[in-house]
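This is what each chain is made of:
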Amino acid sequence: MNATTSHKPAAAKRIEIAYLEAFLEMMSAERAASKNTLAAYESDIRAFAAFLKGRDPSVAKSDDLLAWLEQGWRESLTSTTLARRRASLRGYYRFLLTEGMREDNPCQQLGRMRPSARLPKILSIEETSRLLEACKQPVGKSKKGPYRQARLTCMVEILYGAGLRVSELASLPVAAIQGRDRRLLPVRGKGDKERLVALHADAVQSIDHWLEVRGAHSKACAKSRWLFPAGDGTRHLTPRRIAQLLKELAVRANIDPSRVSPHVLRHAFASHLLENGADLRALQHLLGHADISTTQIYTHVLEERARALVFDAHPLARTSGRTVS
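Definitions and limits used
Residues numbered from 1 in each chain as written. Predicted model: local features only at pLDDT ≥ 70, side-chain atom pairs only at ≥ 80, totals over all residues. Heavy atoms only, no water. Helix = DSSP H or I, 4+ residues; strand = E, 2+ residues; numbered from the N terminus. Buried < 20%, exposed > 50% of the residue type's maximum accessible area, 1.4 Å probe, protein only. Contact = heavy atoms within 4.5 Å. Areas by Shrake-Rupley, 256 points an atom, 1.4 Å probe, with all protein chains shown as cover. Pairing = 2+ DSSP bridges. Salt bridge = Lys/Arg side-chain N within 4 Å of Asp/Glu carboxyl O. Phe/Tyr/Trp six-rings, centres within 6.5 Å; stacked < 30°, edge-to-face > 60°. Arc of directions from axis to C-beta.

Some thoughts on the overall build of the chain
Moving on, step 1. Within the chain, the secondary structure is distributed over 15 helices and 4 strands.
Moving on, step 2. Looking at the chain residue by residue over its 325 residues, the buried ones come to 42%.
Moving on, step 3. Contacts in the chain between residues far apart in sequence, at least 24 positions, make up 58% of those at least 6 positions apart.
Moving on, step 4. Accessible surface computed for the chain: about 18300 Å², of which carbon and sulfur atoms make up 52%.

Describing the pairing of strand β2 (residues 194-198)
Moving on, step 1. A one-sided burial pattern is seen for β2, the buried positions being R195 and V197 and the unburied ones E194, L196 and A198.
Moving on, step 2. Alignment of strand β1 (residues 184-188) against β2, held across 5 bridges, turns out to be antiparallel. Paired with L185 across the bridge in β2 is V197.
Moving on, step 3. In this structure, the hairpin formed by β1 and β2 is closed by a connection of 5 residues, where G191 is found at a positive phi of approximately 70°.

So, the environment of L52
Moving on, step 1. Note that L52 resides in the loop between α2 (35-51) and α3 (62-74).
Moving on, step 2. Classification of L52 as buried rests on a relative accessible area of 6%.
Moving on, step 3. For the pair L52 and L65, spaced 13 residues apart in sequence, the C-alpha separation works out to 9.5 Å.

So, the pattern of salt bridges
Moving on, step 1. Within this structure, the stated rule accounts for 11 salt bridges.
Moving on, step 2. For E42, the salt bridge is made with R46, and the minimal N-O distance between the two is 3.1 Å. On the criterion of helical spacing, the pair formed by E42 and R46 is a turn pair, its members being 4 residues apart in helix α2.
Moving on, step 3. We note a salt bridge from E168 to R195, for which the minimum N-O separation is 2.9 Å.

Quick word on the side chain of D44
Moving on, step 1. You can see D44 is positioned in helix α2.
Moving on, step 2. What D44 contacts, discounting residues up to four positions off in sequence, is W68, R84, R85 and S88.

Topic: the packing of aromatic side chains
Moving on, step 1. With the rule as written, the count across this model stands at 8 aromatic pairs.
Moving on, step 2. Aromatic pair F23 and Y92: ring centres 5.7 Å apart, planes at 75°, arrangement edge-to-face. Separated by 69 residues along the polypeptide, F23 in helix α1 (residues 20-30) and Y92 in helix α4 (residues 79-98) bring together distant segments of the chain. Per residue, the accessibility class of F23 equals that of Y92, and both read buried.
Moving on, step 3. Here Y147 and W210 contribute two aromatic rings whose centre-to-centre distance is 5.1 Å and whose plane-to-plane angle is 55°, an arrangement assigned as tilted.

A few points about helix α5 (residues 125-135)
Moving on, step 1. Looking at α5, one finds that the buried residues are E127, T128, L131, A134 and C135. The buried side chains of α5 occupy one side of the element, clustering within an arc of 115° when seen end-on.
Moving on, step 2. For α5, the secondary structure elements touched by its buried residues are α6 (145-162), α10 (239-252) and α11 (262-275).

Set out below in structure tokens:
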């Protein structure tokens, strides 16, 4: 079978991938895959090709696949995205094996990696305190410094203080924080479901300060319906931009920026509450999880701490010649 695709590349650097078009044609003709599914498969395989830095995915090894999926987990991709990536790889390599284009299936080893069941990256309470302290540092020497400082402080206080998803934070309207009880924030999450989350006093104070600075910054900001406007105020800050701002903040707080993201602050909110006695059902509501099994991943935080406590503090663990297993 000819390995060359019939479509010309959309860009000069577009990676040519052996048998990709044949795979997509098979999925369309034999599996009746939708356009969205085909687009997702192609996007995933091309992303994997980019990860391989020039090597064609058709000759990749199991370790290459595992490394790419592991990278996605480290980047805090959702379990849904990771599951789709595994499905794309499985479909592609199953096709290559069936058509005799490969003699093995590198996906056989993917079962030993289950990112959705692993403990998420967590910042300690001390580290999150350092992030909040770093928010108080001046951001640049321009006239926009106070504006950016107030905005960043407000975003971190809400992300860590209320456990919002970054998409929920980015799309917060000003109207959401203008209710009667400023301590309760209505949030519209996945599936267009609305929930109420509690705001502590520092978060409310940072919101008030941000609204004051925001209103004085420009007419566009003052009139914008978004709590965190961008450009002329008709749009809100993107999740990507918020993530970039957190990376910059991590550097100022002397924390590895690869360990800090909006999703990591959401994880920190959940694990710190649970560590201090929060009820799992209440935490499920605060996080907006439809299924409590999603929330239960945070119980691993307590399990790990309990295990460490036994190993480090129990008298038998310190007795010479004895081990705890």
